[in-house]
Structures are given as C-alpha cells and as structure tokens.
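Notes for the structure review
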Amino acid sequence: MEYLCGNFIALKPTIHPIDKSRLSTVDFNNLPFGKVFSDHMLVADYEDGQWKTVRIVPYGPIELMPAISALHYGQAIFEGMKAYKNAEGEIFLFRSQENFKRYNLSSDRMCMPAIPKEIFIDGLKELLKVDSDWIPNLENTSLYIRPFGFATDDYVGIRPSDSYKFIIFTCPVGPYYNQPLHVKMSEDFTRAFPNGTGEAKCAGNYAAAMLPQKLAKEQGFDQLIWLDGKTMSKIEESGTMNLFFVIDGTLVTPQTTGTILHGVTRDSVIQLAKHHGWKVEVRDIYAQEIVDAHFAGLLEEAFGAGTAATIAPIQSISYQGKRMELPPVEEAKVAPLLYNMLNDLKLGHAPDPFGWLEKI
Ligand code: COI
C-alpha cells in the first residue's frame with residue numbers, strides 16, 4: 001500500500017473503510033472502560049530502517065508469527081491519551097505532543113525506533129476524523145486513544161528487533177474508576193528500581209504489577225501505592241496513575257527521579273495548581289510522613305491523577321497493617337476542583353492559558 005516517490009515513502013495513511021459501521025450497536029449511555037472499540041485503527045510497519053505502509057483499516061485481528069520478540073522478551077511500549085467532544089460538537093486533543101514525546105522516550109529506553117510525528121500525531125488526527133462519530137460527548141465520557149508499538153522479528157534470540165508494528169486504536173470510554181479507592185502501600189513487591197524502566201511506558205512494567213495487584217484485590221484493595229525499590233520507604237506512584245496528597249493545605253506529589261512515570265495529567269495538575277497560586281511541593285514523600293500527617297489530622301485528601309483515571313479520589317490508605325480512613329471524599333475540595341477545572345479546559349469551556357488544547 002505504500003506509495004513511493006523516489007526514495008520518499010509517504011507517511012500519510014491510506015484509508016480502507018469498514019464495510020458496515022458497528023456504531024449503532026454501542027450504548028453510549030453505558031460505556032465500560034476499554035471494552036468498546038471504534039471502527040478503525042491506524043497501522044504502520046517498520047522495516048529496512050524506515051516506517052512505511054501507514055494505513056487506516058477496520059479494527060480487527062492482526063496476523064503475527066509465533067516467534068515475534070515482543071511476545072517473548074517484551075519489547076513493547078504504549079501510550080494513553082484522550083480526545084474530547086463538547087456539546088457543541090467541537091473535538092479536542094489534550095496535550096498530544098506530551099504523549100508523542102513520552103512515546104519516543106519509551107521507545108528509546110526499549111531500544112525501539114522512534115515514531116515520526118507524521119504518523120503519531122498527523123496519523124492520529126486522520127483516524128479521529130474517520131471515527132469522529134465514535135467520540136462521545138456525554139458527561140464523564142471521552143475517546144481513549146491507545147497508541148502502541150512492538151517488535152515483530154520472527155527470531156528466537158535476545159537482540160533488538162529489526163522490524164516493528166505501530167498501531168493506534170481508540171475506545172469510547174466512561175470512567176476507569178467508578179468509586180473512591182481503597183489503596184494499600186505495597187510492602188512485599190516493588191514496581192521499579194533506579195536506572196530501571198520505571199519511567200518508560202513499557203508493557204513489562206504493567207505485567208510485573210499484576211500479581212501484587214491481584215493479591216491486593218483479594219485483600220479488598222482497589223489499588224497499590226508503590227514504594228521506592230531501594231529503601232521501600234518513599235511513595236512513588238500507583239501504576240495506573242500518579243499520586244497527590246493534600247497535607248495541611250499544601251498539594252504534595254512525589255518528584256520524578258527515573259522510577260516514576262511522567263504523567264501528563266500529573267504535570268497538568270501541578271501547572272494548574274501553581275497557576276492558581278496554590279501551595280505545591282514536588283518532593284520525596286515518605287510513607288511514614290503520610291501516617292504521621294494522618295494521625296495529626298493534617299492529611300486532608302489523597303487522589304490519583306492519570307489519563308484513564310482522570311482525578312481519582314482515595315478514601316483509605318493501608319500501611320503496616322493499619323488502615324487510615326481519610327476524610328469523606330464528598331467533603332474534599334481540591335480533587336473535585338481540579339477535576340472540574342481540567343474537564344472544563346478539555347472541553348473548551350474554560351480559558352486555556354497553557355495552550356494545551358488542540359481543536360481537530
Ligand atoms: C492511562 O492512563 O492511559 C494508562 O495508560 C493507564 C492504563 C493502565 C489504563
């Protein structure tokens with residue numbers, strides 16, 4: 001499908017539309033997270049040192065060889081981003097350049113070829129145009145966008161692959177978390193180590209978290225708070241989201257030191273809070289400090305921040321066998337305010353002093 005002009009391989013996708021849209025089968029009033037897929041996906045192949053055959057095709061199975069190294073050694077990365085449609089029918093992308101940059105940081109760490117902007121950003125916009133009817137506009141809904149890439153060499157041996165696939169599919173979604181969360185600090189397992197892959201959005205980080213997460217679920221927790229792998233004393237992130245605490249009127253979040261994902265929502269929260277003159281601290285946070293703040297009556301709020309999770313309030317935190325019940329989330333001030341401010345901005349209903357929004 002590629003069209004060659006001399007040595008130049010065009011990166012604009014060719015479009016191969018679906019015969020019959022599945023749109024009419026979707027209940028947009030009742031959208032689960034990550035189970036409904038839009039009609040089309042964008043696919044590109046990396047071979048002979050270049051990206052080629054960029055195409056938009058019906059969402060569906062892809063044929064792969066059993067030896068592909070992504071399946072054996074986990075040379076695979078992904079991103080999570082969202083598009084929004086407001087009541088007026090306008091469509092917006094939120095900070096897509098940040099996801100593009102982070103994707104290429106992850107690809108660099110996992111020894112994969114960088115993806116050009118013409119495929120990641122311009123290709124995504126083409127995909128959004130083709131599937132614009134799939135972008136929901138009811139309250140608390142959006143179009144979740146999942147760009148991902150993986151090694152496709154049919155070869156059993158440990159070395160970076162020579163061939164890759166890049167795909168973007170999209171899902172109309174409702175909230176990732178429907179309830180305030182009960183979380184537990186992970187004391188038996190760790191997610192990341194200094195100089196490891198903690199800040200890369202690579203598949204293996206998430207696979208390694210599944211057993212600890214499953215065990216925590218069996219104990220009645222919704223999520224884990226990961227502690228640093230070296231001392232198991234400092235709070236890092238939560239796997240599906242970054243973490244924020246309101247301690248005695250100050251918004252506090254862990255600094256990123258290579259083991260924590262540079263969350264786009266995390267950065268947006270920090271910038272918004274600073275813009276509004278709130279007290280914000282980005283620093284080491286010790287698990288014990290959270291316990292002390294709680295028992296001193298100073299731990300006012302805790303919440304997660306992520307693309308999928310948005311702003312997710314935390315109701316209780318458990319550590320060393322003790323459960324700390326936070327003030328009722330219905331009384332929280334900071335998390336709902338941030339949620340509403342971000343939501344209004346993403347829908348084009350509030351000023352965008354940062355230039356985060358792009359109308360499609
Ligand atoms: C996202 O927030 O987009 C993520 O990638 C988290 C994922 C585990 C749903």
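Criteria and cut-off values
- Residues numbered from 1 in each chain as written.
- Predicted model: local features only at pLDDT ≥ 70, side-chain atom pairs only at ≥ 80, totals over all residues.
- Heavy atoms only, no water.
- Helix = DSSP H or I, 4+ residues; strand = E, 2+ residues; numbered from the N terminus.
- Rg over C-alpha atoms; globule rule 2.2 N^0.38 Å.
- Contact = heavy atoms within 4.5 Å.
- Areas by Shrake-Rupley, 256 points an atom, 1.4 Å probe, with all protein chains shown as cover.
- Phe/Tyr/Trp six-rings, centres within 6.5 Å; stacked < 30°, edge-to-face > 60°.
- Buried < 20%, exposed > 50% of the residue type's maximum accessible area, 1.4 Å probe, protein only.
- Lys NZ or Arg CZ within 6 Å of the ring centre and 35° of its normal.
- Pairing = 2+ DSSP bridges.
- Near = heavy atom within 4 Å.
- Polar contact = N/O pair within 3.5 Å; in protein donor to acceptor, adjacent residues only side chain to side chain.
- 1 Å grid on protein atoms, 1.4 Å probe; cavity = no way out; pocket = protein on both sides within 12 Å on 5 of 7 lines; lining within 4 Å.
- Sits in = over half its atoms within 2 Å of the grid points.
- Nonpolar A, V, L, I, M, F, W, Y, C, P; charged D, E, K, R; others polar.
- Domains from an automatic or database assignment.
- Buried area = accessible area lost by both parts, 1.4 Å probe.
- Salt bridge = Lys/Arg side-chain N within 4 Å of Asp/Glu carboxyl O.
- Expected span 1.5 Å × (residues − 1).

This part is about the overall build of the protein chain. Of the regular secondary structure elements, the protein chain holds eight helices and 19 strands. Relative to its length of 360 residues, the protein chain is compact, with a C-alpha radius of gyration of 21 Å against a globular reference of 21 Å. Overall size of the protein chain, expressed as C-alpha extent along the three principal axes, is 70 × 50 × 35 Å. Within the protein chain, contacts between residues separated by at least 24 positions form 71% of all contacts whose residues are at least 6 apart in sequence. Working note: accessible area of the protein chain is about 16,600 Å², and carbon and sulfur atoms make up 53% of it.

Moving on: the packing of aromatic side chains. One pass over the full model with this rule turns up 20 aromatic pairs. With a centroid separation of 4.7 Å and 5° between ring planes, the pair formed by Phe37 and Tyr59 is classed as stacked. With Phe37 in the loop between β3 (14–15) and β4 (40–47) and Tyr59 in the loop between β5 (50–58) and α1 (69–73), the pair connects residues that are 22 residues apart, well separated along the chain. On the basis of relative accessible area, Tyr59 is assigned to the partly exposed category, the value being 29%. Taking 4.0 Å as the distance between ring centres and 15° as the angle between the ring planes, the aromatic pair formed by Phe354 and Trp356 counts as stacked. Ring pairing ties together the aromatic residues Tyr46, Trp51, Phe100, Tyr103, Phe120, Tyr164 and Phe166, which thus form one cluster. Of note, Arg159 hangs over the ring of Tyr155, and the distance from its end group to the ring centre comes to 4.1 Å. Sitting above the plane of the Phe94 ring, Lys346 keeps its charged end 5.0 Å from the centroid.

The next point concerns the pairing of strand β8 (residues 91–94). Residues Ile91 and Leu93 of β8 are buried on one face, and the alternating residues Phe92 and Phe94, pointing to the opposite face, are buried as well. Note: strand β7 (residues 81–85) against β8, three bridges, orientation antiparallel. Directly across from Tyr84, in β8, lies its bridge partner Phe92. As consecutive antiparallel partners, β7 and β8 are separated by five residues, and within that stretch Gly89 has a phi angle of approximately 85°, a positive value. Taken together, the three bridges between β8 and strand β19 (residues 357–359) define a ladder with antiparallel strand orientation. Residue pairing for β19: Phe94 is matched across the bridge by Leu357.

For the rest of this paragraph, the subject is the pairing of strand β11 (residues 181–185). As a general feature of sheets, a regular strand has side chains that alternate between the two faces. For β11, the buried fraction is high: four of the five residues fall into the buried class. Sheet topology note: the β11/strand β17 (residues 310–319) ladder contains four bridges and is parallel. Residue pairing for β17: His182 is matched across the bridge by Ser316. The pairing of β11 with strand β12 (residues 223–225) spans three bridges and is parallel. Bridge pairing links Lys184 to Leu224 in β12.

This next bit is on the site of the ligand. As a matter of local geometry, the ligand sits amid Phe78, Gly80, Tyr144, Arg146, Tyr176, Lys201, Thr240, Thr307 and Ala308. Residue Tyr144 places a side-chain N or O atom 2.5 Å away from an oxygen atom belonging to the ligand. Between an oxygen atom of the ligand and a main-chain N or O atom of Thr307, the distance comes to 3.5 Å. Burial of the ligand by the surrounding chains reaches 89%, relative to a free accessible area of 280 Å². Taking a 2 Å distance to the grid points as the criterion, the majority of the atoms of the ligand fall inside the largest pocket. The residue makeup of the shell around the ligand, split by class, is four nonpolar, three polar and two charged. Taken together, domain 1 (2–173) and domain 2 (181–346) each give at least three residues to the shell around the ligand, which thus spans both.

Before going further, it helps to spend a moment on the domain arrangement of the protein chain. Splitting the protein chain by domain gives domain 1 (2–173) and domain 2 (181–346). Between domain 1 and domain 2, the residue contacts involve 20 residues of the former and 22 residues of the latter. For the pair domain 1 and domain 2, the summed buried area comes to about 1,800 Å², and 60% of that belongs to carbon and sulfur atoms. With its nearest N and O atoms 2.9 Å apart, the salt bridge here joins Arg95 to Asp267. Broken down by element, the residue count for the side of domain 1 that touches domain 2 peaks at five residues, all from helix α2 (residues 96–109). Residue composition of the side of domain 1 that touches domain 2, grouped by class: ten nonpolar, four polar and six charged.

As a further point, take helix α6 (residues 264–275). Residues lying three or four places apart along an α-helix face the same way, a consequence of the helix completing one turn every 3.6 residues. Between its first and last C-alpha atoms α6 spans 16 Å; for twelve residues at 1.5 Å apiece the expected length is 16 Å, and the two agree. Taken as a whole, α6 has its buried residues at Val264, Thr265, Arg266, Ser268, Val269, Ile270, Leu272 and Ala273. The first or second residue beyond α6 is Gly277, which carries a positive phi of 80°.

A positive phi is found at Arg95, a non-glycine position, where the angle reads about 50°. The topology assignment puts Arg95 in the loop between β8 and α2. Relative accessible area serves as the criterion here: at 9%, Arg95 is assigned to the buried category. Unlike most non-glycine residues, Thr310 shows phi in positive territory, near 55°. Its place among the elements puts Thr310 in strand β17.

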